[in-house]
Amino acid sequence: MSSLGITVLGATGSIGVNTLDVVAAHPERYHVVALTAHRQLDKLFAQCLQFRPLLAVLADADGASRLQQRLRDAGCTTEVAWGVDALEVAATLPQADMVMAAIVGAAGLRPTLAAARLGKRILLANKESLVVAGELFMRTVREGGAELLPVDSEHNALFQSLPRGYDGDLDGNGVEQLILTASGGPFRQRDAASLQHVTPDDACNHPNWVMGRKISVDSATLMNKGLEVIEARWLFNAPADRIDVVVHPQSVIHSMVRYKDGSVIAQLGSPDMRTPIAYAMAWPERIAAPVKALDFLALSGLSFEAPDLQRFPCLRLAFDALRAGGAASAVLNAANEIAVDAFLQQRIAFTDIPRLVERALQTLSLSACDSLDALLQRDEETRAQVASWVGI
């Protein structure tokens, strides 16, 4: 078997690091073609020395120049580029058979679409590609002949639990409901009144998963689950009323499919992102991943709860945006990104995040956009408006 080339968009984040762990475990199967990062120069430098990609990309020219010099001094021939256009180059290099799309936020949309247009295998960990531009993205995947494999643990679990070759027809495949599980985050049992006073470090202290700060805050507000609902709508052609969310604090069952005959098929595993990453990289085969085996005898039990939409209104807002259609999901996502950033900067309280998102949905235009440029313009307008509300 010839080695497959992979580009990792967002290589220094948690998904990127875990992807490279899987690559390192299977050097005979995979090699790295390109790595991208925002500003984590030291981490990207170490990754380049280990994996020797053709190309590395950073956000700015100064960082790229410094990285290039350090690599040259270390005898590494990796070329370094910078900026948005360079991300698209990394995603479309002919040597890359697959692209791990793990850039957080709307910044990952353009390079992921570029990979789809060329028919790459896309390992999708960038929620915003589907939340902001679901219809456009799925059309591009179809027209480009790309192979789209979800990496989020929940969507990967649904993918594994649906029939092989699922064609987007829930009823034709006997599917009643897609059920996304949520850990409930660090504040699942916290008194609602105290949420006003939680700190960014509190919100980022996830009980089960090791994640970046932005996605950790989204998990704490349950917005992460709301974004996953919108993703599931596009990935599996499922309307909002056929998608459900249950809180499962142990994070052992990653999601489930309920069938019309009463069967429920679930995917279980230790809470480690290297499992869905390895599954997506090797599909339809399965390969070993450096993951601790699930020990059923060590489990204290499996429990389930309904999500509390009063304490965590972001999940309700995501369902509202999905049902509203048009550009509502793009507005929801942009408003949330600015609000979370403001919270991490300690400019606003944790409970202000859903208030700002709801204000955006109530006051900004949700009308449909007919192109990527129009969607990105709506995204920018939303960000500017919400930023003005919080004084950024």
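Here the structure is shown first, and the text comes after it.
Residues numbered from 1 in each chain as written. Predicted model: local features only at pLDDT ≥ 70, side-chain atom pairs only at ≥ 80, totals over all residues. Heavy atoms only, no water.

### Considerations on the overall build of the protein chain
Each helix and strand counted, the protein chain has 15 helices and 11 strands in total. By the compact-globule yardstick of 21 Å for 392 residues, the protein chain fits well, its C-alpha radius of gyration being 20 Å. Judged by the C-alpha coordinates and their principal axes, the protein chain covers about 55 × 50 × 45 Å. Within the protein chain, the proportion of its 392 residues that are buried is 56%. (Helix = DSSP H or I, 4+ residues; strand = E, 2+ residues; numbered from the N terminus. Rg over C-alpha atoms; globule rule 2.2 N^0.38 Å. Buried < 20%, exposed > 50% of the residue type's maximum accessible area, 1.4 Å probe, protein only.)

### As for the packing of aromatic side chains
The tally for this structure, following the rule as stated, stands at 5 aromatic pairs. Ring centres of Tyr-166 and Phe-236 lie 6.5 Å apart, and the angle between their planes is 55°; on these two criteria the pair is classed as tilted. One end of the pair, Tyr-166, is in the loop between helix H7 (153-161) and strand E8 (175-182); the other, Phe-236, is in helix H10 (residues 223-236), and 70 residues separate them in sequence. Assigned by exposure class, Tyr-166 and Phe-236 land together as buried. Among the aromatic residues, those joined into a cluster by ring pairs are Phe-159, Tyr-279 and Trp-283. Across from the ring centre of Phe-45, 4.2 Å away, lies the NZ or CZ of Arg-70, which sits over that ring. For Arg-233, the ring lying beneath its charged end belongs to Trp-234, and the centroid distance is 3.9 Å. (Phe/Tyr/Trp six-rings, centres within 6.5 Å; stacked < 30°, edge-to-face > 60°. Lys NZ or Arg CZ within 6 Å of the ring centre and 35° of its normal.)

### A short note on the nonpolar core
Counting 91 residues, the largest nonpolar core has Ile-122, Phe-137, Leu-178, Leu-332, Phe-350 and Ile-353 as the members making the most contacts within it. When residues in this core are grouped by element, the largest group, 10 residues, is from helix H13 (residues 328-344). Once residues lying within four places of it in the same chain are set aside, the contact partners of Ile-122 are Val-99, Ala-101, Thr-112, Ala-115, Ala-116, Phe-137, Ala-146, Glu-147, Leu-148 and Leu-149. (Core = buried A, V, L, I, M, F, W, Y, C linked by side-chain atoms within 4.5 Å. Contact = heavy atoms within 4.5 Å.)

### Observations regarding the state of the cysteines
Applying the stated criterion across every chain, the model contains 0 disulfides. Between Cys-76, a free cysteine, and Cys-48, which holds the nearest cysteine sulfur, the sulfur-to-sulfur gap is 5.9 Å. There is no disulfide at Cys-204, and the cysteine sulfur nearest it, in Cys-314, is 15 Å away. (Disulfide = S-S within 2.5 Å.)

### Looking at unusual backbone geometry
Look at the link from Trp-283 to Pro-284: it is a cis peptide, with omega at 10°. Looking at where Pro-284 falls in the secondary structure, it is placed in the loop between helix H11 (274-282) and helix H12 (313-324). Notably, Leu-222 is not glycine yet its phi reads approximately 70°, a positive angle. Assignment of secondary structure puts Leu-222 in the loop between helix H9 (213-221) and H10. For Ser-251, which is not glycine, the phi torsion reads 55° and is therefore positive. Structurally, Ser-251 is set in the loop between strand E9 (243-247) and strand E10 (253-259). Judged by its relative accessible area of 5%, Ser-251 is buried.

### Considering the sheet that holds E8
Across the sheet, 4 strands lie side by side as E9-E8-E10-E11; this open sheet has mixed pairing. The sheet is open, and its two edges are formed by E9 and strand E11 (264-268), each paired on a single side. For this sheet, the mean inter-axis angle between neighbouring strands, taken without regard to orientation, is 20°. One ladder, built from 5 bridges, connects E8 with E9; its direction is parallel. Each residue of the ladder has a partner; that of Thr-181, found in E9, is Val-246. (Pairing = 2+ DSSP bridges. Axes fitted to C-alpha atoms, helices over the stretch in contact; angles between N-to-C directions.)

### Some points on the environment of Gln-50
By secondary structure assignment, the location of Gln-50 is in helix H2 (residues 41-51). C-alpha of Gln-50 to C-alpha of Cys-204: the two residues are 154 residues apart in sequence and 29 Å apart in space.

### Observations regarding H9
Every α-helix carries 3.6 residues per turn, so stepping three or four residues along brings you back to the same face. Taking burial as the measure, the 9 residues of H9 include 7 buried ones, the bulk of the element. Considered for burial, the residues of H9 that qualify are Lys-214, Ser-216, Val-217, Asp-218, Ser-219, Ala-220 and Thr-221. Lining the buried residues of H9 we find helix H6 (128-144), helix H8 (200-203), H10, H12, H13 and helix H14 (352-363).

### Re H13
Taking 1.5 Å as the rise per residue, H13 with 17 residues should run 24 Å; its terminal C-alpha atoms sit 24 Å apart, in good agreement. Positive backbone phi, at 60°, marks Gln-346, one or two positions downstream of H13. (Expected span 1.5 Å × (residues − 1).)

### A look at the environment of Pro-290
Mapped onto the elements of the fold, Pro-290 is located in the loop between H11 and H12. Of the residues examined, Pro-290 reaches a relative accessible area of 36% and is grouped as partly exposed. Spatially, the C-alpha atom of Pro-290 lies 7.3 Å from that of Ala-25, the residues being 265 residues apart in sequence. Setting aside residues no more than four positions away along its own chain, Pro-290 makes contact with Asp-21, Ala-25, Asp-272 and Arg-274.

Geometric descriptors of this kind do not, in isolation, establish any biological role.
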